[in-house]
Amino acid sequence: MAASTYSPSQGAERRQRQQQMRRLSIQSDWDRSDGRSFIQCRPAFLRTGAANAASGSAYAEFGTTKVIVSVFGPRESKKAMAYSDIGRLNCNVTFTTFATSVRGQGSDNKVYSAMLHKALEGAVMLETFPKTTVDVFALVLESGGSDLPVIISCASLALADAGIMMFDLVSSVSVSCIGKNILIDPTIEEEICQDGSLVLACMPARNEVTQLTLTGEWSLPKIDEAMGLCMDACVKLTGIMRTCLKESANLSS
Amino acid sequence: MVGLSEGEKQFLRGGIEQNLRADGRTRNQFRPIYVETGVIPQANGSARVRLGATEVIASIKAELGKPSILHPDKGKVSIFVDCSPTAAPIYEGKGGEELSMELSVALERCLLGGKSGAGAAIDLSLLVLVEGKVCWDLYVDALVVSSDGNLLDSLAAAIKAALSNTGLPKVNVVLGASPEEQPEVDVSDEEFLQFDTSAVPVIVTLTKVGKQYIVDATSEEESQMSSAVSVSVNRNGQICGLTKRGGAGLDPSVIHDMVSVAKYVSQEFISVLDSEVAAAEASEE
């Protein structure tokens, strides 16, 4: 008989738990697994200067989602590019093999890299570093739900730490739609059984949305409600990011 | 595409502001759409859609496979878009990879719904033959033959037409003696199951040029855009997916306005598309 493995259960047990969660979620009031209300985000821990070798870097921990971002540049780009009078932003997102419960499961690298690029390109002033490239490398150490918003916020903090000129900090929040309820900042268990999701990245000072993606079935009033929630949360998150930058500036001076 | 002169750019932008675009359309008008189904005999379903000068071909192949461990009661659908160099020489080799990926991701987002399967165009539980063991794997492959703007809308229309043309062969499953054994499958050549595509959404892309938004932009108009929002709407008026494209930021009230315009325009587009697909299917027989 083969030895039993240590892998987490993927089969009947997990499905039963998910089905139980779905049944609970149909009711109007139920507690989320970490005791938050529907409109409560996870506590955010942000630090700059995580990687010494980089021009700028940041580490973010939102509940169980842990991301580290390094920014290198402006520097000469490896690929020989034609002359351009605006700079280039190169984004790369990788998941460590131990980030997800199943080893090596995070394979959305290219997709996430493109989405990170889209979210940041509206905020970075590319004209301030012509002919050069700014590389943004994001590494997800642990994927605990709402990964892309954490990556975007952390990357924008790292860019600020590197001194790249931007119009405003970009912060990002996602909401999950389960049954009739809208949950902000979902964890990975909530994301697996969600009926729809909305990821929003914005620049609060300019009141501009740099990225918005929606999945699942939504009605227009529901979209408005979710967007309002996200914008409000983004404003508060930007406040936290600014405090973090000021603290690190005070420490170094 | 040859670059536009300053005069041409002014002409485009001015026309859009005055609700009279370069080809005579108003801001909310689509180009005439032409649909042909059953163009690829080897595939289970296929369609060719022409929207102005943009031409795309979508093919759907179904193969028997094993459902994933996380969702044993669902089949699998994967969408892949290929930008052929015949559309633009820049798409040769790796050049078209970024655009292909962006289009594939946007289509998957709009057609596959939320993680639990809600709001999906195709009900994945219909694709399961034996729970946990045998299911249909649908491979949706789309090819961009000629590009004159608004690729996403034409691709979504082609996929919708191809789905209504798709016939899944009836399969007789003989369960093995013990639960661990793989069941025997007998794929019939005669009987086919058709999809119900009334729930499949269409995508309407609104391109913002200056202060106005236009529907179905040509590639010249797209070169002048600041940003675009692609909204996927189904027949009931529900929003099934949304992707913001382009670099510039947008005010939330502008996004709300664009979504309601997309909702309004999509209803007419759905009825035009449905009648074209029905005509194509009828002429095929």
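Residues numbered from 1 in each chain as written. Chains lettered and ligands numbered in written order. Predicted model: local features only at pLDDT ≥ 70, side-chain atom pairs only at ≥ 80, totals over all residues. Heavy atoms only, no water.

- Chain B has the name Ribosomal RNA-processing protein 42 in an unreviewed UniProt entry, where Rhynchospora pubera is given as its organism.

- Chain A goes by Exosome complex component Rrp41 in an unreviewed UniProt entry, where it is assigned to Rhynchospora pubera.
- Looking at chain A in UniProt, the text filed under Sequence similarities (unreviewed entry) is "Belongs to the RNase PH family." (UniProt positions renumbered as here; feature names shortened; annotations may be inferred.)

**Details of the interface of chain A and chain B**
Step number 1: Contacts between the two partners involve 36 residues from chain A and, on the opposite side, 35 residues from chain B.
Step number 2: In this assembly, chain A packs against chain B so that about 3000 Å² is buried in total across both faces, 58% of it on carbon and sulfur atoms.
Step number 3: Counting across the chain A and chain B interface gives two salt bridges.
Step number 4: Two residues, Glu97 of chain B and Lys110 of chain A, come together in a salt bridge whose shortest N-O distance is 3.3 Å.
Step number 5: In this assembly, chain A and chain B are joined by eight residue pairs in polar contact (both at pLDDT 80 or more).
Step number 6: Put simply, the parts of the chain that give the side of chain A that touches chain B at least two residues each are α1 (12–26), α2 (109–121), α4 (188–192), β9 (208–218) and α5 (220–252) of chain A.
Step number 7: The element that contributes the greatest number of residues to the side of chain A that touches chain B is β9 of chain A, accounting for 11 residues. (Contact = heavy atoms within 4.5 Å. Buried area = accessible area lost by both parts, 1.4 Å probe. Salt bridge = Lys/Arg side-chain N within 4 Å of Asp/Glu carboxyl O. Polar contact = N/O pair within 3.5 Å; in protein donor to acceptor, adjacent residues only side chain to side chain. Helix = DSSP H or I, 4+ residues; strand = E, 2+ residues; numbered from the N terminus.)

**Looking at the pairing of strand β9 (residues 202–209) of chain B**
Residue and element names in this part refer to chain B.
Step number 1: Most of β9 is tucked away: eight of the eight residues are buried.
Step number 2: Burial along β9 is two-sided: the residues Val202, Val204, Leu206 and Lys208 and Ile203, Thr205, Thr207 and Val209 are all buried.
Step number 3: Pairing analysis gives seven bridges linking β9 to strand β11 (residues 227–233), with the strands arranged antiparallel. Its bridge partner lying in β11, Thr207 is registered against Ala228.
Step number 4: Where β9 meets strand β10 (residues 212–215), four bridges bridge the pair, whose relative direction is antiparallel. Bridge pairing in β10 places Lys208 opposite Tyr213. (Buried < 20%, exposed > 50% of the residue type's maximum accessible area, 1.4 Å probe, protein only. Pairing = 2+ DSSP bridges.)

**Some words on the pairing of strand β4 (residues 76–83) of chain B**
All names here are of chain B.
Step number 1: Of the two faces of β4, the one lined by Val77, Ile79, Val81 and Cys83 is fully buried and the one lined by Lys76, Ser78, Phe80 and Asp82 carries no buried residue.
Step number 2: Two elements, β4 and strand β6 (residues 134–146), share eight bridges in a ladder whose sense is parallel. Among the inter-strand pairings, Val81 is bridged to a residue of β6, identified as Ala142.

**A look at a nonpolar patch on the surface**
Residue and element names in this part refer to chain B.
Step number 1: Taken together, the side chains of Leu64, Leu129, Val185 and Val187 make up a nonpolar region of the molecular surface, amounting to roughly 260 Å² of accessible area.
Step number 2: The residue Leu64 is located in strand β3 (residues 54–65) in this model.
Step number 3: Residue Leu64 is classed as partly exposed on the basis of its relative accessible area of 33%. (Patch = residues over 30% accessible without salt bridge, like charges linked within 9 Å, V, L, I, M, F, W, Y side chains within 5 Å. Areas by Shrake-Rupley, 256 points an atom, 1.4 Å probe, with all protein chains shown as cover.)

**As for the side chain of Thr215 of chain A**
Step number 1: When you line up the elements, Thr215 of chain A lands in strand β9.
Step number 2: Once residues lying within four places of it in the same chain are set aside, the contact partners of Thr215 of chain A are Gly196 and Ser197 of chain A together with Arg109, Gly113, Gly114 and Cys240 of chain B.

**Quick look at the pattern of salt bridges**
Step number 1: With the rule as written, the count across this model stands at 19 salt bridges over all chains.
Step number 2: For Glu142 of chain A, the salt bridge identified is with Lys66 of chain A, shortest N-O distance 2.9 Å. Here Glu142 of chain A is found in strand β5 (residues 133–142), whereas its partner Lys66 of chain A is found in strand β3 (residues 65–75), with 76 residues between them in sequence.
Step number 3: Measuring nitrogen to oxygen at the nearest pair gives 2.9 Å for the salt bridge that ties Asp216 of chain B to Arg31 of chain B. Here Asp216 of chain B, found in the loop between β10 and α4 (219–223), pairs with Arg31 of chain B, found in the loop between α1 (6–17) and β1 (33–37); they are 185 residues apart in sequence, far enough to count as distant.
Step number 4: On the basis of relative accessible area, Asp216 of chain B is assigned to the buried category, the value being 0%.
Step number 5: Accessibility expressed as a relative area gives 7% for Arg31 of chain B, which makes it buried.

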